[in-house]
Amino acid sequence: VALASTVTEFNSNAAACNMLLPIVAELSVTLQVNPMAFMMATTISTSFAFMLPIGTPPNAIVFATKQLTILDMLSTGVVLNVISCFLLSGYTAGAFQAVYGEPPFALPAWANATA
């Protein structure tokens, strides 16, 4: 989650997703955890671009007003990223099973290539 949140600060959200999802899927299977849970968390966290003007068009628009400096955006963005990452991790750990009916920390049969 933290890696995706950081990558999306310097990349478009779609590019960050396309780059990270195959890695997260394979890593999840290797760690014997639910790939859907970790891929969902990665996908959502790529929208946590709060720190830099290049993160999203709204950031660039706000920065173009010249009322904020990059340091202002960084200081607020770091706090928002940390809070967002903790909230998303808590959601994935706590509510994923209730919503999707599968535990997030167990490899489901459909993801097990050897079964």
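Residues numbered from 1 in each chain as written. Predicted model: local features only at pLDDT ≥ 70, side-chain atom pairs only at ≥ 80, totals over all residues. Heavy atoms only, no water.

Looking now at the overall build of the protein. Across its full length, the protein carries six helices and zero strands. Sequence-ordered secondary structure for the protein, helices as α and strands as β, is α-α-α-α-α-α. Along the first, second and third principal axes, the C-alpha atoms of the protein reach 55 × 25 × 20 Å. For the protein, long-range pairs separated by at least 24 residues make up 61% of all intrachain contacts whose partners lie at least 6 apart in sequence. Accessible surface computed for the protein: about 6700 Å², of which carbon and sulfur atoms make up 73%. (Helix = DSSP H or I, 4+ residues; strand = E, 2+ residues; numbered from the N terminus. Contact = heavy atoms within 4.5 Å. Areas by Shrake-Rupley, 256 points an atom, 1.4 Å probe, with all protein chains shown as cover.)

Across all of its chains, the model carries three aromatic pairs by this definition. Note on F48 and F50: the rings are 6.1 Å apart at their centroids and 15° apart in plane angle, and the pair reads as stacked. (Phe/Tyr/Trp six-rings, centres within 6.5 Å; stacked < 30°, edge-to-face > 60°.)

Here we take up a nonpolar patch on the surface. Residues M36, V99, Y100 and W110 make up a contiguous nonpolar surface patch of roughly 410 Å² in combined accessible area. Structurally, the position occupied by Y100 is in helix α6 (residues 96-100). Judged by relative accessible area, which is 40%, Y100 ranks as partly exposed. (Patch = residues over 30% accessible without salt bridge, like charges linked within 9 Å, V, L, I, M, F, W, Y side chains within 5 Å. Salt bridge = Lys/Arg side-chain N within 4 Å of Asp/Glu carboxyl O. Buried < 20%, exposed > 50% of the residue type's maximum accessible area, 1.4 Å probe, protein only.)

In short, shape yes, function no, at least from these values alone.
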